[in-house]
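Residue-level listing of the chains:
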Amino acid sequence: MAGVNIEIRENAGLRVIGPITITDKDGKNYEIPEGEWVTFCRCGKSENKPFCDSAHRDVSFEAESVAK
Ligand code: FES
């Protein structure tokens, strides 16, 4: 299995490419198959947290998008 790839989207969320398992607070698992992806919000404005719903566009979110 390949390592997990996390893509820092410019002024947007963090895209995580599967295969990964997301576990919520109740211990329920959500499987993201290989080659599919989810994007996690980092602007704090999504109505569907922890996932990005593109609300970052409405608030002109800006953030460092380079891994140092
Ligand atoms: S980063 Fe996209 S809605 Fe927050």
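Before reading further, recall that the structure is shown in the block above.
Throughout this document, residue positions are counted from 1 along each chain, in the order its sequence is written. Predicted model: local features are reported for residues with pLDDT of at least 70 only, side-chain atom pairs are reported and counted for 80 or more only, and whole-chain, interface and lining totals are derived from all residues. Heavy atoms from the whole structure form the basis of all side-chain values; hydrogens and water molecules are not counted.

Draft legend 1. Region of interest: the sheet that holds strand β5 (residues 37-40). Two strands make a pair as long as DSSP finds a minimum of two bridges between them. Secondary structure is summarised from DSSP: a helix means a run of H or I of at least four residues, a strand means a run of E of at least two, and numbering begins at the N terminus for each. With respect to topology, three strands assemble into an open sheet ordered β1-β2-β5, the strand pairing being antiparallel. Strands at the two margins of the open sheet, each flanked by one partner only, are β1 (5-8) and β5. On average, each strand axis in the sheet is inclined to that of its neighbour by 25°, with strand direction left out of account. To obtain each axis, a line is fitted to C-alpha atoms, and for helices this fit is confined to the stretch in contact; angles are then taken between N-to-C directions over 0 to 180 degrees.

Draft legend 2. Spotlight on the pattern of salt bridges. Just to be clear on terms, a salt bridge is a Lys or Arg side-chain nitrogen sitting within 4 Å of an Asp or Glu carboxyl oxygen. Applying the stated criterion across every chain, the model contains three salt bridges. The salt bridge partner of K68 is E64, with a shortest N-O separation of 3.7 Å. Each residue is assigned to one of three classes by its accessible area relative to the maximum for its type, calculated with a 1.4 Å probe on protein chains only: buried under 20%, partly exposed between the two thresholds, exposed over 50%. A relative accessible area of 86% means that K68 is categorised as exposed.

Draft legend 3. Representation of unusual backbone geometry. Going from G18 to P19, the amide bond is cis rather than trans, its omega being 20°. By secondary structure assignment, the location of P19 is in the loop between β2 (14-17) and β3 (20-23). Residue K49 is joined to P50 through a cis peptide bond whose omega torsion reads 15°. The backbone phi angle of S54 is positive, close to 75°, even though this residue is not glycine. Among the secondary structure elements, S54 is positioned in the loop between β5 and α1 (55-58).

Draft legend 4. The arrangement of the nonpolar core in detail. Among the nonpolar cores identified, the biggest contains five residues, and these are V16, I20, I22, I32 and V38. We call two residues contacting when some pair of their heavy atoms lies within 4.5 Å. Setting aside anything within four residues of it in sequence, one finds I20 in contact with V4, Y30, E31, I32 and V38. Take the buried Ala, Val, Leu, Ile, Met, Phe, Trp, Tyr and Cys residues and link them wherever side-chain atoms come within 4.5 Å; each set so joined is a nonpolar core.

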